[in-house]
Structures are given as structure tokens and as C-alpha cells.
Amino acid sequence: MSTAHVVIAVKDLAAAKTRLADAFADIDRARLVAAMFRDTVVAARAVDAVSAITVVTPDPSIAAAAVDLGARVVKEPCDRTPLDSVARLNSAFEAAASIVRAEGSDDIIALQADLPALRTAELAQAYLAARGHARSVVSDHHGTGTAALIVDGSSGEFAPLFGPSSARRHRESGAYDLDGHWPGLRLDVDTIDDVREAHILGVGQATAAVLRSLGW
């Protein structure tokens, strides 16, 4: 049975989810981002086929949370000055994937860090559906972004293309478009409407606790 190594990239909490700045105070926004990350890791770690999780981040609090959850932490490899946020994100995913590939032949699941309503069964089903394809993409709930990029361990190219219109760019680069009904896997949170939608769908324990503390 093949196994997968999940890689997750998380930016500094102070710079994360700026589109939520109008809805939450900075300290509460940081708490929410950290909680969503925790719930994403917990759901992914419970997938039987997931052998390990590696998190790339420059943020010490996210790094500490990752270690607490049993994930390995890799420091973001690039100097933030010459690279924009999209280039930094893809560079972070590449760094984690190169480490994973140097260690063995696990498949790679590049997963977004802001999936508070992710269900373990959804990720397991998406991974199963990706078998037989060198690269597969799970688009987000808008159909434009990428919630997950799944790469066969024996394939020659990881080639993450996260950023604007990433779902289309991943498909155009040859990634197979996975069309399963996985609402939690597809619901990455960027806006207050996304938070509301995730809350209705049902979020993990960490996110639920933060939202309760904020009166939700």
C-alpha cells in the first residue's frame, strides 16, 4: 500500500489572512489562523495512508504547534526580500518536497493550512482518487485556487503552482482534476464569508474554541 507525506506551508501569523483584518483584531486573527492550522494537521494526520507531516514556516508559534502535533518543522528556505508571497509559498513547498523525496518514495500531498472544516475521510478519498495519476489537483470551493496538490512519489516533477488561478495553472501543467464531493477539503478560508461557511459546515475543535471565545 502506498503512503503519502503531507507538506504544509504557513507564513508569519502577522502577515496571514489579511483579508480578515476588518473582521478580527490582529491578535484574534492570529489565534484563528493558528487554530485552523491545528485542525488541518489533526485531520490530515488521522488519514491511515499519511505517513508523516512536514510544515514549512518562519513563524515560531506555528512551528511550536506543529511539533506539538507530531509534525516535522522546516524553516522557510528563502530570504523574504527578493520574493513575492506567491514565490515564497511555492519555494516553501518545493523545499519540503525535496526533503521528502530525498528520504524515500512516499507520495506527496501539498495541503493548504487553512482548512478548518476538513474531514479525514475527504482527504483519504482524494488521495485514493489520485492513484494512477502523476499529479492531481483538488480545486478550492471557488474553483480557482488549489486546496491540495497530490504527487505520485515515482513521478519526476512536483512543480507547485500555488497562487492566483492556481487550479487552472495546475491543470494546464498536466495535473488531473479530482472532482469528488469534499466540501471541507475544498473550503480554504480567506474571507469572513469563508469563516461563516466553514462554521456552518462544522469546524475542528481548535477553530471552534477560538470562534466561541469571539462570540460565535
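None of the values given here were measured: they were computed from a predicted structure.

What counts and how
- Residues numbered from 1 in each chain as written.
- Predicted model: local features only at pLDDT ≥ 70, side-chain atom pairs only at ≥ 80, totals over all residues.
- Heavy atoms only, no water.
- Helix = DSSP H or I, 4+ residues; strand = E, 2+ residues; numbered from the N terminus.
- Rg over C-alpha atoms; globule rule 2.2 N^0.38 Å.
- Buried < 20%, exposed > 50% of the residue type's maximum accessible area, 1.4 Å probe, protein only.
- Contact = heavy atoms within 4.5 Å.
- Lys, Arg positive; Asp, Glu negative; His and termini not counted.
- Charge placed at Lys NZ, Arg CZ, Asp CG, Glu CD.

*Asks:* Teacher, can you tell me more about the overall build of the protein here?
*Replies:* When helices and strands are counted, the protein shows 8 helices and 7 strands. The C-alpha atoms of the protein give a radius of gyration of 16 Å, which matches the 17 Å a tight globule of 216 residues would have. Projecting the C-alpha coordinates of the protein onto the three principal axes gives extents of approximately 45 × 40 × 30 Å. Here the protein holds 216 residues, and the buried ones make up 50% of them. Here the analysis covers contacts within the protein between residues at least 6 apart in sequence; of these, 68% occur between residues at least 24 apart. Charge separation in the protein, taken as the distance between the mean sites of 21 positive and 28 negative side-chain charges, equals 2 Å.

*Asks:* I'm lost on the environment of Ala175 in this one. Help?
*Replies:* Mapped onto the elements of the fold, Ala175 is located in the loop between α5 (166–172) and β7 (176–177). What makes Ala175 buried here is its relative accessible area of 6%. Between the alpha carbons of Ala175 and Val73 there is a distance of 27 Å; along the sequence they are 102 residues apart. Residues within four places of Ala175 in sequence aside, it is in contact with Arg135, Ser136, Val137 and His170.

*Asks:* What is the right way to look at unusual backbone geometry in this model?
*Replies:* The phi dihedral of Ala159 is positive, around 50°, even though this residue is not glycine. Inspection of the secondary structure puts Ala159 in the loop between β6 (146–151) and α5. The exposure class of Ala159 is buried, given its relative accessible area of 17%.

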